[in-house]
Each structure stands twice: as C-alpha cells, then as structure tokens.
Amino acid sequence: LPLTRDVIVLGTNRLTITEPITEKLFTWVRAGGRLVVFARNEIPDNGADTVEDKLLAALGITVRYLELENREQNQYGPFGVSISNADDFVWAGLNPEFRLIVNERPGVQILAGDEKGAAVVTRSMGQGDILVLTDRRIFNNRKIDDEDHAALLWWLVRGDRPVGKAWLVHEDDMPALYAWLWQRASLMVLSIAVFIALLLWGYAPRFGPVIGLAPPLRRRLVEHIDASAHYLWRKRQSGRLILAVQDALKRELSRRHPGTHDPAHLSTITGIDKNTISSAMRVNTTTKRETFLGVVRLYQNVYKKL
C-alpha cells in the first residue's frame, strides 16, 4: 500500500477485494490514509431494493436501488455536496437511482443527499477517512466538465490533506483466463500453441495430388546371381563357385554323354587338350583372379562343345 499521506481512489466494482484485503485497507486508513470508493451501480435481482456490497456493509452503509419511472430524466437534479474548505456547495450530477442508507455509527457524516437517502458520505476512521459516492461515472471524460465534477474530484484527492499522491485504481477484476495463463505460464501456453499448430498441420488437407514414391527397382535374376558371386569371391569362397560350375557341367555330361567323364574322354568329345582339362579339374579353390577366370572359361568352352 502507498504512504498514508496519499489517496487511493478505488473506481472499480471491487469483486476481487476479499476480507483480508479490506482489513488491510482499513488499517492503512486508520494510519492516516484516505480511501475513496463508489457504490456499485447494479440493478438487484428478484425485485430487491438493495445492492450487496461487503466493503460498504463493513462501514455500516447499505446501497439502495430506486426504480425510476423515466431513467433518461434526472428527477432529482444535481446534488449539492458540502465540502469542508468551501463557502458553498459543489454540485454533482450523481446517479439518482442509488442512495446510501447510513447506520448510526460514530464518525459518519452525510455530505450530500435528500429524503431518499445519502449520495456522498464520509466516515472517519482513526487518523484517516473513507469517502463513499453513489456514482463514479461523473468523473469520466464525458462528464468531468459538467456541474462541479472537476472541483469535487480535486477536493476528494487533495482537499485539506497534506500534499501526497493520488492512486487511481481503475481495474482490479480477475483477468480473463487467457491473460491469467499468459502472465503465469507463458512458456506452457507457447508449447501448447506450437503442439496444436503442428497437429493441425499434420491433419490439414493437402492441395494437389500426393507425390508418389518411386517404384521399387526390380533386378534381373542374372544380377542377383552376379551379386552373390561377387560376395562369395570377396569372402574367399571361390571353391564354392568352382564346385557350382563343375556340378552344372557334370549334370549336362550325364544327360548328353552318359558314362565315364575323365579328361581323355572330355578331350575326345570337345577337342580340347586333355592336359588342360586335367589341370583345370585339379583346381578346387584359388585366390588368384586369373586362375579362377581361366578355370571358369575352360568349363564354359567344354559346356558349349558337348
């Protein structure tokens, strides 16, 4: 709270002013502060004629609602407000629909009103005081230059008090949920916003045809066989390759030339030197590329000449 020589003008409906906060304000007033509050201009429900206001009730003040026949016309005219340092009244066009009903308590003084009730009340409390008005709209931009509203506001915040600051509280309501979350959990709000944006992006409809994936590459059987042979050669498994070629040649010989398949017989059938055939048949494995290729070529020539 500010210094006790200052003035707090509480121009709100005080919906978030709890009892502990109210007691703190009263303690500040008792120490010498001045508090200016305004009755809530709310039409009560269910035909009641009083407006609930806990802060004013703690001061022994009840807000009464008067239903007027013609709301566009101020039937009671402006109120004359008696101030301590003026020879005459200052005039204020307060809302005629509301009055303050004051219980008899020490330190309470009515500064403006009529037979229907009070319009401006002051309540002494310790070294300070509380001023209550029925209408705060007389101090907005549209009405501040009507009647003596500016002079009344000056007296409320200055009057016969020592020089201090005036604190104008124009909003103390509970903020909207989004504002409350942003003030206290902005990082969480941003994270949720990014997550929702990505989620919507993932489910959003696409424009145009979907770009298809390239069809899987289909390889020929010969390519698979060639790849397998290269793999066995790199793993020093040339013996398995030579054995596979020999088995294929033996199957073909058995089909076309049943009988003994020694080098001399093969030389007679193919016309290839029997020593060359005999040397090739003795090679079971090799790590030399030239030897391997020579053996395979020989078997291919034999196969072709069967």
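Just above, that's the structure.
Residues numbered from 1 in each chain as written. Predicted model: local features only at pLDDT ≥ 70, side-chain atom pairs only at ≥ 80, totals over all residues. Heavy atoms only, no water.

Draft legend 1. Fine view of the overall build of the protein. Along the backbone of the protein there are 10 helices and 11 strands. Rg of the C-alpha trace for the protein: 53 Å, well past the compact-globule value of 19 Å for 306 residues, more than 25% over. Along the longest, intermediate and shortest principal axes, the C-alpha atoms of the protein span 150 × 45 × 35 Å. Counting all 306 residues of the protein, 33% fall into the buried class. (Helix = DSSP H or I, 4+ residues; strand = E, 2+ residues; numbered from the N terminus. Rg over C-alpha atoms; globule rule 2.2 N^0.38 Å. Buried < 20%, exposed > 50% of the residue type's maximum accessible area, 1.4 Å probe, protein only.)

Draft legend 2. Geometry of the packing of helix 8 (residues 263-270) against helix 9 (residues 274-281). Helix 9 packs onto helix 8 with a crossing angle of 125° between their chain directions and a minimal axis gap of 8 Å. Compared by their axis directions, helix 8 and helix 9 come out oblique. Viewed along their axes, helix 8 and helix 9 form a crossing whose handedness is right-handed. Contacts between helix 8 and helix 9 involve P263, A264, L266, S267 and T270 from the first element and K274, I277, S278 and M281 from the second. For the contact of helix 8 with helix 9, the residue count by class is 5 nonpolar, 3 polar and 1 charged. (Axes fitted to C-alpha atoms, helices over the stretch in contact; angles between N-to-C directions. Parallel < 35°, antiparallel > 145°, perpendicular 65-115°, else oblique. Left-handed = near helix turned anticlockwise from the far one by under 90°. Contact = heavy atoms within 4.5 Å. Nonpolar A, V, L, I, M, F, W, Y, C, P; charged D, E, K, R; others polar.)

Draft legend 3. Representation of the environment of R34. Here R34 shows up in strand 2 (residues 34-38). Taking the C-alpha atoms as reference, R34 lies 6.4 Å from I8; in sequence the two are 26 residues apart. Excluding residues within four positions of it along the chain, R34 makes contact with D6, V7, I8, W28, D129, L131, W155, L156, D160 and R161. Within polar-contact distance, the side chain of R34 engages the backbone oxygen of W155 at 3.3 Å. (Polar contact = N/O pair within 3.5 Å; in protein donor to acceptor, adjacent residues only side chain to side chain.)

Draft legend 4. Up close: the packing of helix 7 (residues 238-256) against helix 10 (residues 289-304). Put simply, helix 7 and helix 10 touch, their axes get as near as 10 Å, and they point 10° apart. Taken as axis vectors, helix 7 and helix 10 run roughly parallel relative to one another. Side by side, helix 7 and helix 10 meet where S238, L241, I242, V245, Q246, L249 and E252 of the first sit next to F292, V295, Y299, V302 and Y303 of the second. Considering only residue class, the contact of helix 7 with helix 10 consists of 9 nonpolar, 2 polar and 1 charged.

Draft legend 5. Highlighting unusual backbone geometry. Its identity as a non-glycine residue notwithstanding, E147 has a phi of 50°, on the positive side. The topology assignment puts E147 in the loop between strand 10 (128-133) and helix 3 (149-157). A positive phi is found at R236, a non-glycine position, where the angle reads about 60°. Looking at where R236 falls in the secondary structure, it is placed in the loop between helix 6 (221-234) and helix 7. R236 sits in the exposed class, given a relative accessible area of 66%.

Draft legend 6. How the structure looks around the pattern of salt bridges. All told, the structure shown has 7 salt bridges when counted by the stated rule. Here R30 makes a salt bridge to E23, at a shortest N to O gap of 3.4 Å. With a relative accessible area of 40%, E23 lands in the partly exposed category. Several salt bridges converge on common partners, so that one network encompasses E252, R255 and R256. (Salt bridge = Lys/Arg side-chain N within 4 Å of Asp/Glu carboxyl O.)

Draft legend 7. Molecular detail of the environment of I130. Along the chain, I130 falls in strand 10. Judged by relative accessible area, I130 falls into the buried class, the value being 0%. With 37 residues separating them along the chain, I130 and G93 place their C-alpha atoms 21 Å apart.

Draft legend 8. Examining the nonpolar core more closely. Membership of the largest hydrophobic core comes to 23 residues, with the highest contact counts inside it found for L35, V37, L56, L59, L100, I130 and V132. For this core, the secondary structure elements donating two or more residues are strand 1 (7-10), helix 1 (19-30), strand 2, helix 2 (54-58), strand 4 (61-65), strand 7 (98-102), strand 9 (117-125) and strand 10. Looking at this core element by element, the count peaks at 4 residues for helix 1. Excluding anything up to four places from it in sequence, I130 contacts F26, V29, L35, V37, L59, V121, T122, R123 and M125. Formed by 22 residues, the second largest nonpolar core is a distinct cluster that contains V90, A112, A119 and I138. (Core = buried A, V, L, I, M, F, W, Y, C linked by side-chain atoms within 4.5 Å.)

Draft legend 9. Here's a closer look at helix 7. The end-to-end C-alpha distance of helix 7 is 27 Å, a good match for the 27 Å that 19 residues give at a rise of 1.5 Å each. Those residues of helix 7 lying buried are S238, G239, L241, I242, Q246, L249, E252 and L253. Viewed along the axis of helix 7, the buried residues span an arc of 160°, placing them on a single side of the element. Residues of helix 7 that are exposed and point more than 90 degrees away from the buried face comprise R240, R251 and R255. Against the buried residues of helix 7 lie helix 6, helix 8, helix 9 and helix 10. (Expected span 1.5 Å × (residues − 1). Arc of directions from axis to C-beta.)

Draft legend 10. Region of the structure containing helix 6. Taking 1.5 Å per residue as the helical rise, helix 6 with its 14 residues ought to reach 20 Å, and the 20 Å between its terminal C-alpha atoms agrees with that figure. Positioned one or two residues after helix 6, R236 has a phi angle of 60°, which is positive.

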